[in-house]
Amino acid sequence: MSEPASISTGIAERYAAAIFQIAKENKDLAGLETGINDLAAALGESAELRDLIASPLISRTDQEGAITAIAEKMGLHAILRNTLGLMAQKRRLFVLPQLVQVLRDMLAEERGEVTADVASAKALTKTQLDKLSKTLSERVGKSVTINAIVDESLIGGLVVKVGSQMIDSSIRSKLNSLQNAMKEVG
């Protein structure tokens, strides 16, 4: 991980820990999840919002006023609204995408779930996804949600990432291994 990404993730983790703890104490994790999903959708859909959180040209007070107005208009939970205002005051809004991801991970962990990123050469069927989810759940010991993507460069097979573990059974990686072995021989 690069140093700037590591710093951003560290900042996001500290804010996320505080938000999560407050929501848990108030027994409102469901409300927090709804707000996080709404915020993630807004970030994905609005280039203006992404510009607002990333622009160093917008003053702290303008950023704070804009983000709190957006949060109020969206009906975000008070915890999120106040945190976004604080982040704007401290010039930390640029970590908002990481904050959303860290909070999603914390909420999934609280529910005993884990997300597996699965890349395949072609789209997996519902039956294949169910079977893979069941197999991963048995291996990990938690409920597994699969985030499936198609990567035609794999040629065949799968690349599965669960947490820090990665299982690469793609034909591409096997061909690369074979190519490296051939280079060592000749």
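For the structure itself, consult the block above.
Quick notes on the rules
- Residues numbered from 1 in each chain as written.
- Predicted model: local features only at pLDDT ≥ 70, side-chain atom pairs only at ≥ 80, totals over all residues.
- Heavy atoms only, no water.
- 1 Å grid on protein atoms, 1.4 Å probe; cavity = no way out; pocket = protein on both sides within 12 Å on 5 of 7 lines; lining within 4 Å.
- Points joined across faces, edges and corners; volume = space filled by probe spheres on them.
- Helix = DSSP H or I, 4+ residues; strand = E, 2+ residues; numbered from the N terminus.
- Nonpolar A, V, L, I, M, F, W, Y, C, P; charged D, E, K, R; others polar.

Draft legend 1. Here's a closer look at empty space enclosed by the protein. Evaluated as defined, the whole model comprises two cavities of 30 Å³ or more. Within this model, the largest cavity holds a volume of roughly 50 Å³. Surrounding the largest cavity, L136, R139, V140, V160, V162, Q165 and I167 form its lining. Among the elements of the structure, α7 (126–140), β3 (158–162) and β4 (165–168) are those that each provide at least two residues to the lining of the largest cavity. Sorting elements by how many residues they give to the lining of the largest cavity places α7 first, with three residues. Looking at side-chain class alone, the lining of the largest cavity contains five nonpolar, one polar and one charged residues. Every residue lining the second largest cavity is listed: L39, L49, I67, I70, A71, M74, L76 and L84. The element contributing the most residues to the lining of the second largest cavity is helix α4 (residues 60–74), with four residues. Among the residues forming the lining of the second largest cavity, the class breakdown is eight nonpolar, no polar and no charged.

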